Amino acid sequence: MPTVFIPAQLRELSGGTQSVELEAKNVREIVYQLDVMFPGFKDRICIDGNISPSLQVSIDSVMTSRGMIAKVQPHSEVHFIPAIGGG
Amino acid sequence: MTTTQYRVIGSRPVRHDGADKVTGKAIYTADTKLPGMLAGFVLRSPHAHAKIISIDTSEAEATPGVHAILTNADFPNVENKIADLGEGSVNLSYLSANCMAQQKVLYRGHAVAAVAATDVHIAEEAARKIKVEYEVLDSVTWVLDAMEENAPLLHEDIVTDSMGEKADKPSNIPVHLHFEKGDAAAAFEEADGIVEREFKTATVHQGYIEPHAVVADYNEDGRLRIWTATQGSFTCRQQTAEILQIPLGNVLVTPCEIGGGFGGKITVYLEPTAALLSKKAGRPVRIAMTRADVFEASGPTPGSFMRVKIGAKNDGTLIAGEAWLAYDAGAYPGGMIGPGCMCVFSCYDIDHAIVDGYDVLLNKPKTSAYRAPGATQVAFATEQLVDEIAEKLGMCALEIREKNAVKEGSRRVDGPVYPPIGLVECLDALKQSEHWNTPLDGPHQGRGIAAGFWFGCGLKSSAACTVNSDGTINLMEGSTDIGGSRTSIAMQLAEVLGLEAEDINPQVGDTDTAGYTDVTGGSRVTFATGMAAYEAGRDLQQQMRTLAADLWDCSADDITIGEDGVFSGNGKAVGFKALAVELFAAGEHLVGRATVAPECPTNGFGAQIADVEVDPETGKVTVLRYTTIQDAGKAIHPSYVEGQLQGGTVQGIGWALNEEYFYRDDNTMANASFLDYRMPTMLDVPMIDTIIVETGNPEHPYGVRGVGETPIVPPPAALANAIYNATDTRMTELPMSPPKLWKAMQSEQASE
Amino acid sequence: MPASKKVHVTTTINGEDTDFLCEPRHSLLEVLRDNLGLTGSKEGCNNGNCGACTVMLNGRPVDSCLVLGAEVEGAEIETVEGIACSSNLHPVQECFLEGAALQCGICTPGFLVASKALLDKDPHASEETIRFDLSGNLCRCTGYDKIVRAVQAAGQKMATKV
C-alpha cells in the first residue's frame, strides 16, 4: 500500500501521526480517505476541489503537476510540499 | 560516472547566435522599432508607503507630443484569482497592482501612472506634470520589524496561512511554513556538540545588464502583439492576458534576445502598461526601465533573518537541526521562503530536524527568484555552522561534510528521498583537486569550503524540427535563450540524428509558432527542452524508418537505427542526411515534433573552495583563488556549463562581499545605481576554476542535470568560512563588506 | 520646457561620413541607437557605470551615454558595428565566440570595443592590465573568466597577424 506522509502542519489533525498506509490508486483517493480519517484535511490542502496552487504533490520524489489525478503505485511514497520556483 | 562516447555532446561548437551577438546585430527588445512607435514613461511613487488620494493628469495631457496617459483607473478589475505560471503560481490582483498601484503605493518605485509620447523625454516631462496627492503612511523595511504586531500593515486583507489554516486577524505574514522530520528536541538532548547562531542577509538584485523593456502594439482587431525581454514568452502571454482580461489567443508574445534574467524576468512589470498605452494611443509603444527603475521596481531577491542550530555526536554525525527563517516577500506575498525551508538542511543527512519559515510583507519591491531562490541565504547559515561544529569536534571541514553528505535514499526535511545524486562525488572531486591540495602561503589568508544544492525542475517543453531538402534541420523551440541554450538543445538533436551541431538551425519561436514551453528558469532548459529536441529527433527517425521501408522495399521492423543515426536494413546503411535527401526526392517531407513534461527534480549539487586575504586595516576581502565544482550529470557544451558555474559563483561573490539595498530613514532605496549598488567588476575577482562532475541523471537520455542555479549557493558561506579562517572572525551578516568586517574584527579583538 | 532647436552635427562613424540632427539633450548613445539605427551599442545604466554603450571617440573608448550628440561635431566614432571587416570577424570577435566569452550578449558590444582598444595599444596585455582596463565594463553572466581569456587569446592572434 502507498505510504502517505502527513505534513507537519496538519499533524494536529492526525493526532501526531506522521504517516499512514492506505489503499489508493491516485491522489484524489488519498485525499478523500485522509479527509475521512482526519476531518478537515481536504480543506487544508485543496482549493475548489484541486490541490492548492501553493502546494505540490511529490510521489516517489517526482513533483507531479497532475494534482488530484496523479497516479500512485502500491509502494509509492506521497508527500504534500510547498511549490517551488527557480531562477 | 557516464562513460558513453558521444560525437557532438561534450564538444564545444561556436554558438548559433554567436556572430549576431559579437557584431551588434542581435535584436534585443530596446532595439525593436515599429513604424509610428511611441515612447512610454512610467511615473513612480517617491514614497515607501502611501495612500493615493487623487491623480490629476490634466496638465500632462495638454503637453504637445503626448498621445496617451494611463492610471490605475484604466486597469481592469481582476479578482483574487490564482494563475499557474508554470513555475509557481501568482494571485492576479497582486500581479496587476504591482504593475500599477491601486489604492496604495507599497514601495518607492511603485508605478502610479504612465505616459506615451513621441519621444521618451517628452513622455517623462509630461509624467512629471501629473499631480499625485499622497497620504504618506508609516513604512517598514526590516523583516523582524515587519513581523511585529504593531508594524505598519501593508494589506488589510492578508492573514497568515498555515497550510490552509487562516489566522483570525491581518498581519504582514502571509505564510507560515513548518516542517518536521523525526524528533529534533530529543535529538538535541543526545547531541555532544551544538552550535547555534543568528544570521542576516541583505536584499540583493539579479543585476542583469539589460533593463526590462517591452514593445506593445494593440491592434484595432483586438490582437495584442508584444516584443519583450522575458524568461518565458508563454508565461508572459498568460500574465498579460489575465491582467488585461483578454483571451490568451489574442496575445502574441515574441521573445527578443534577452540581456540576462537570473529569475528576475519572469514576472511582468511593463507589458500590461505598454499594451494599454498602445490601445489608448492607437500606436505601438515602447517602454524601457531606467536602471534606477530596475533596482526600485523590479523584483530583487529576499533579505532574511535566520536562526539556525545544529547538533552532532562526537564522531561528527549530524543528528539534529533546527531553523527559524524569515524572508522578505516584498510588497506582495509569495517570496522564496518555501525553498529556503527546504534547502536549509538539503546537503546533509540529518535524521531529526524542525524548520519554521515566514514569508514577510514589507515596503520593498515584490521579491522574485534569483538563481536557486532562497537557497543562498540558508547555505550562508548552515554551511558556517557545519564548519563551526567541525572545529568544536576537532574535525576537518571537508571530513564532516563527507561524513554527512546526502546520497541516494537520504530523506529531505520536507519528506521526499533523493534519487541518485552527486554531492559525494563533488566532495571527492574537491578533495582530489589541485586547489585543495595546495597550501596557502601568506598572512591574513584563509580557505573556506561550502556545499550547495538546488532542485532543478522539469516542467513543459516542446520542440519541432523541419527537415530541409539537403538534410539540414530547422529546429523550432520556445525557450528564450539567455546563455547559449539554443546550441545545447541543438547539440542534443544533432547527437541523436548523427548530425553536426552546425547542421541544425535552432530558432526560439514566438507564442504563435513554438509549442508550449515553460520559463527559462529552474535550471531546466538544457535538461527539458533538450529532452524535447531529443524526442523530436526520435519522432523523425520513426517516420523516416517507415518511409524508408517503402523506399527500400522491406518492412520497417527490418530497419534499425544506430547510435550514430545510421539507418540500416535490406543491405543498405544510410546516414540521416542521405536518407533525408533521398526521401525528399521521393516526394516526402518531414517534420518531427515532441512535447515533454519531466517531473523529477534534476538535483544539482556542488561544492566550492575559496581562498581569501583580508586586509586587517580596512576589512577588505581579496579573493585570491576560487574553485567551483558541480555535478552537471552530463555536460552538453562544457564551455557553457563552465560559464554557468563561473557566472553564478561571481554573482555569489558579489552577494557575499558587497551587494545590498541601502535604505534611507524614510525607507526609500538610497543606492539605485550601478555605482552605488556595487556588483563585482573584472578587477574584483580572480579566474574561477571549474571542475565538472558527471554522475549522469537517469531521468534524461544523455544524463543532463540542471546547472544554472546551484553555483550561486555556496559562495557567501565559503567566503565566510575563509574569512573566519583568515581572521578568527565569524561573519553572520551579509554582505561582508569592508566596514562590517572591520567592525566585526575590532570587536573580536576586543573580546579576546 | 519646449524641446530645444535641433543641432546639425557632422561626424564620421565607422569610417563613413555621417550627419544627423539631434536635440542638445540627446546623448551620443541615443543618437546612435534612435537616429542612426546603430543599436549594437547597448544601454545598461545610462550613467556611465556599466560600459555596455562603449564606443571609440577619436581613438579613445568612452561611454556614449555620457557624451552628448552635439559634442561629436567633427569627431571620428567607431562602434561595435565597425569592428568586423566586411564579412570577416575581427580576432577579438572570433576569440569571444571560440572562448564562449558571452552568455546573454548584452554587455558584449561594449566589451568588444573596449578590448579592441586595449589590444590595439597592447596586444600582450597581462591579465592584471586586462582586468584593470576593462573594469568599467560590467558583465553579470560570465564571471569574467572567459572574457579575460578571450581577450588574451585575441591579443596573441593580433600579434601574430601583424
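This structure is a prediction, so every number in the text was calculated from the model and none was measured.

Caption draft 1: Structural view of the overall build of chain B. When helices and strands are tallied, chain B shows 19 helices and 30 strands. By the compact-globule yardstick of 27 Å for 752 residues, chain B fits well, its C-alpha radius of gyration being 27 Å. Out of the 752 residues in chain B, the part that is buried amounts to 63%.

Caption draft 2: Quick peek at the overall build of chain A. The secondary structure content of chain A amounts to 2 helices and 7 strands. Helices and strands in chain A line up, N terminus first, as β-β-α-α-β-β-β-β-β. Computed over the C-alpha atoms, the radius of gyration of chain A is 12 Å, within 12% of the 12 Å expected from 2.2 N^0.38 for a compact globule of 87 residues. In terms of its C-alpha atoms, chain A occupies a principal-axis envelope of roughly 40 × 25 × 20 Å. By residue count, 45% of the 87 residues in chain A fall in the buried class. In chain A, the share of contacts with a sequence separation of at least 24, taken over all contacts with a separation of at least 6, comes to 45%.

Caption draft 3: View of the pairing of strand S30 (residues 688-693) of chain B. Summarising burial for S30(B): 5 of the 6 residues are buried, a large majority. Between the parallel elements strand S29 (residues 621-631) of chain B and S30(B), the chain passes through helix H17 (residues 638-657) of chain B in a crossover that is right-handed.

Caption draft 4: Spatial organisation of the confidence of the model for chain B. Mean pLDDT for chain B: 96, with 99% of residues reaching 70 or above. Listed scores for the predicted complex are pTM 0.97 and ipTM 0.97.

Caption draft 5: Inspection of the arrangement of the chains at higher detail. Comparison of the 2 pairs of chains in contact shows the highest number of contacts for chains B and C. Contact between chain A and chain C is absent, and the minimum C-alpha spacing across the pair is 13 Å.

Caption draft 6: Quick look at the nonpolar core. All names here are of chain B. Ranked by size, the top nonpolar core spans 323 residues in total, and within it Val115, Leu493, Leu719 and Ile723 carry the most contacts. The element best represented in this core is helix H15 (residues 525-552), accounting for 11 residues. Non-local contacts of valine 115, meaning those with residues more than four positions away in its chain, are made with Gly40, Phe41, Ala60, Val66, Ile69, Ala123, Ala126 and Ala127.

Caption draft 7: A look at the domain arrangement of chain B. Each assigned domain of chain B is listed here: domain 1 (18-25 + 458-596), domain 2 (32-137 + 210-259 + 265-297) and domain 3 (304-451 + 603-751). Using only C-alpha atoms to locate each centre, domain 1 of chain B and domain 2 of chain B end up separated by 38 Å.

Caption draft 8: Just the interface of chain C and chain B, in detail. At the junction of the two partners, chain C supplies 44 residues and chain B supplies 43 residues. Put simply, the parts of the chain that give the side of chain C that touches chain B at least two residues each are helix H2 (91-98), helix H3 (108-121), helix H4 (127-133) and helix H5 (145-161) of chain C. Broken down by element, the residue count for the side of chain C that touches chain B peaks at 4 residues, all from H2(C). Broken down by class, the residue content of the side of chain C that touches chain B amounts to 22 nonpolar, 14 polar and 8 charged.

Caption draft 9: Expanded view of the interface of chain B and chain A. The partner chain A presents 25 residues to the 39 residues of chain B that form the contact. When contributions to the side of chain B that touches chain A are tallied by element, the ones reaching two or more residues are strand S4 (82-84), strand S11 (175-181) and helix H10 (337-343) of chain B. Its residues placed into classes, the side of chain B that touches chain A shows 20 nonpolar, 11 polar and 8 charged.

Caption draft 10: Quick peek at the sheet that holds strand S22 (residues 473-477) of chain B. Residues and elements named next belong to chain B. Reading across the sheet, the 4 strands line up as S23-S22-S21-S27 and stay open at both edges, with mixed pairing between neighbours. A single partner strand is all that each edge strand has here, and the edge strands are strand S23 (504-508) and strand S27 (591-596). With direction set aside, neighbouring strand axes in the sheet form an average angle of 15°. For S22 and S23, the ladder comprises 5 bridges, and the chain directions are parallel. What sits directly across from methionine 476, in S23, is glutamine 507.

Scoring rules and cut-offs
Residues numbered from 1 in each chain as written. Chains lettered and ligands numbered in written order. Predicted model: local features only at pLDDT ≥ 70, side-chain atom pairs only at ≥ 80, totals over all residues. Helix = DSSP H or I, 4+ residues; strand = E, 2+ residues; numbered from the N terminus. Rg over C-alpha atoms; globule rule 2.2 N^0.38 Å. Buried ≥ 20, exposed ≤ 12 C-beta atoms within 10 Å, placed from the backbone. Contact = placed C-beta atoms within 7 Å. Right-handed = clockwise from strand over helix to strand, strands pointing away. pLDDT = per-residue confidence, 0-100. Core = buried A, V, L, I, M, F, W, Y, C linked by C-beta atoms within 7 Å. Domains from an automatic or database assignment. Nonpolar A, V, L, I, M, F, W, Y, C, P; charged D, E, K, R; others polar. Pairing = 2+ DSSP bridges. Axes fitted to C-alpha atoms, helices over the stretch in contact; angles between N-to-C directions.

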